[in-house]
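Chains, contacts and geometry: an overview
One-letter residues, chain by chain:
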Amino acid sequence: MPGAEDLAQVHARLKDRQRAERDRHPRAMDLRVHRALSWLGRAAQEADDDVRFILLWVAFNAAFAADLGGGRLSTRDEVKAFFERVCRLDAQGRVYAAVWTRFSQEIRLFLGNPYVFPPFWAHHNGEPGYADWEERLNTERRAAWSCLAQKDTAGVLRLLFERLYVLRNQLVHGGATWASSVNRQQVRDGAAILGTLVPLFVEVMLDHPHEDWGRPYYPVVEA
């Protein structure tokens, strides 16, 4: 499990496995894993927390994003379904251990942090209807504590990644200063969490290559 190994070692191990097994994998699934590992490999070379977080988020997107056809679900529903599938298939409990043992404190901090809570920013940007952001945060905090109490790993991941998505937006859309001290701990913790969880997601996918992981948005098209 990542933690005993650094990200570069994890990437090398997973890449070796993907190369050895890819001829037996469905093409769409192999493309998804290949792309995710390419971004993980680049993230492993990056020392800067901001850049590392962004690269890891792209790796996560490569792993889960799917073309669901004309009746496609919202991205939130896609992510929810992905987490439920990963947790169901993770017979060894690797994702569970990362959530409940390795990063339990960091996850609790993210779930209670208003600065990565969308209604907080909607209110401070003057959007109507969000004056009750504190009440909403308390409601979501109770939902998070309920997931924590029930050891609902998929539920915790869904709430956590909604917070990480706000942090992602701050970085990608210029809503934060590079290497800023204001959000330094959030970025550092976020990169550490992604650097552990995303390789675990990929490993579960490699364990179950014939599960329906969906079609990639952008398949390789031969000229």
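Computed from a predicted structure; not experimentally measured.

Before going further, it helps to examine the overall build of the protein chain. The helix and strand tally for the protein chain stands at 10 helices and zero strands. Secondary structure elements in the protein chain, listed N-terminal to C-terminal, are α-α-α-α-α-α-α-α-α-α. Here the C-alpha radius of gyration of the protein chain, 18 Å, is about what a compact globule of 223 residues would show, namely 17 Å. Projected onto its principal axes, the C-alpha coordinates of the protein chain cover approximately 55 × 40 × 40 Å.

Attention now moves to the layout of surface pockets. A volume near 730 Å³ is recorded for the largest pocket. Residue lining of the largest pocket: 28 residues in total, with W57, N61, F64, T75 and Y165 positioned closest to the centre. Take the lining of the largest pocket: its biggest share by element is seven residues, from helix 9 (residues 153–172). Here the lining of the largest pocket is built from residues that sort into 17 nonpolar, three polar and eight charged. Counted as a void, the second largest pocket has a volume near 350 Å³. Residue lining of the second largest pocket: 14 residues in total, with Y115, W121, V166, Q170 and G175 positioned closest to the centre. Among the elements of the structure, helix 7 (118–124) and helix 9 are those that each provide at least two residues to the lining of the second largest pocket.

Moving on: the nonpolar core. Buried together is how nonpolar side chains tend to be arranged in soluble globular proteins. In this structure, F53, F60, F82, F83, F161, L197 and F201 are the most contacted members of the largest nonpolar core, which totals 58 residues. In terms of residue count, helix 10 (residues 184–207) provides more of this core than any other element does, 12 residues in total. Setting aside anything within four residues of it in sequence, one finds F83 in contact with F60, A154, L157, R158, F161 and F201.

Describing two packed helices takes the angle between their axes plus the distance from one axis to the other. At a minimum axis separation of 8 Å, helix 2 (residues 27–44) and helix 3 (residues 49–64) run at an interaxial angle of 170°. On the basis of the axis angle, helix 2 is roughly antiparallel to helix 3. Residues R32, R35, A36, W39, L40, R42, A43 and A44 of helix 2 pack against R52, L55, L56, V58, A59, A62, A63 and F64 of helix 3. Looking at side-chain class alone, the contact of helix 2 with helix 3 contains 12 nonpolar, no polar and four charged residues.

On to the environment of V187. By the secondary structure assignment, V187 is in helix 10. Along the primary structure V187 and D50 are separated by 137 residues, whereas in three dimensions their C-alpha atoms are 6.4 Å apart. Those residues in contact with V187 that sit more than four places away from it in its chain are D49, D50, F53, L167 and L171.

Keep in mind that most residues, glycine aside, have a negative phi and that most peptide bonds are trans. The backbone of K151 sits at a positive phi, close to 55°, despite the residue not being glycine. Mapped onto the fold, K151 is located in the loop between helix 8 (133–149) and helix 9. K151 gets classed as partly exposed once you look at its relative accessible area, which sits at 44%.

Turning our attention to the packing of helix 3 against helix 4 (residues 75–89). With their axes 11 Å apart at the nearest point, helix 3 and helix 4 run at an angle of 80° to one another. Between helix 3 and helix 4, the angle falls in the class roughly perpendicular. Residues F60, A63 and F64 of helix 3 form the contact with helix 4, whose participating residues are T75, E78, V79, F82 and F83. By residue class, the composition of the contact of helix 3 with helix 4 is six nonpolar, one polar and one charged.

Here the focus is the packing of aromatic side chains. A full pass over the atoms with the stated rule returns 21 aromatic pairs. Between W57 and F161, the ring centres sit 5.9 Å apart and the planes meet at 35°, which makes this aromatic pair tilted. Of this pair, W57 sits in helix 3 while F161 is found in helix 9, placing the two residues 104 residues apart along the sequence. Judged by its relative accessible area of 7%, W57 is buried. Note on Y115 and W121: the rings are 6.4 Å apart at their centroids and 50° apart in plane angle, and the pair reads as tilted. Here W121 falls in the partly exposed class, since its relative accessible area comes to 32%.

Definitions and limits used
- For every chain, the first residue of the written sequence is number 1, and numbering continues from 1 onward in sequence order.
- Two thresholds apply to this predicted model, a pLDDT of at least 70 for residue-level local features and 80 or more for giving and counting side-chain atom pairs, whereas whole-chain, interface and lining totals are computed over all residues.
- For side-chain calculations, the full set of non-hydrogen atoms in the structure is used, while hydrogens and water are omitted.
- Segments assigned H or I by DSSP are reported as helices when at least four residues long, segments assigned E as strands when at least two residues long, and all are numbered from the N terminus.
- For this measure, only C-alpha atoms enter the radius of gyration; the expected value for a globule follows 2.2 Å times N^0.38, where N is the number of residues.
- Computed over the protein atoms alone on a 1 Å grid, cavities are sets of points where a 1.4 Å probe fits but cannot get out and pockets are open sets with protein on both sides within 12 Å along at least five of seven lines; a residue lines them when it has an atom within 4 Å of a point.
- Grid points are joined across faces, edges and corners, and a volume is the space filled by probe spheres set on the points.
- Only Asp, Glu, Lys and Arg are considered charged in this grouping, and only Ala, Val, Leu, Ile, Met, Phe, Trp, Tyr, Cys and Pro are considered nonpolar; every other residue, Gly among them, is considered polar.
- For this analysis, a nonpolar core means a set of buried residues of the types Ala, Val, Leu, Ile, Met, Phe, Trp, Tyr and Cys, connected via side-chain atoms within 4.5 Å.
- Only protein chains enter the calculation, and the probe is 1.4 Å; a residue is then buried if its accessible area is under 20% of its type maximum, exposed if over 50%, and partly exposed in between.
- Residue contacts follow a heavy-atom distance rule, with two residues in contact if any of their heavy atoms lie within 4.5 Å.
- An axis is simply a line fitted to the C-alpha atoms; with a helix, the fit covers only the stretch in contact. Between two such axes, the angle follows the N-to-C directions and lies from 0 to 180 degrees.
- Under this scheme an angle from 65 to 115 degrees is roughly perpendicular, one under 35 degrees roughly parallel, and one over 145 degrees roughly antiparallel; angles in between are oblique.
- Classification of ring pairs uses Phe, Tyr and Trp, with its six-membered ring standing for Trp, and accepts pairs whose centres are within 6.5 Å; under 30 degrees between planes counts as stacked, over 60 as edge-to-face, and the remaining range as tilted.

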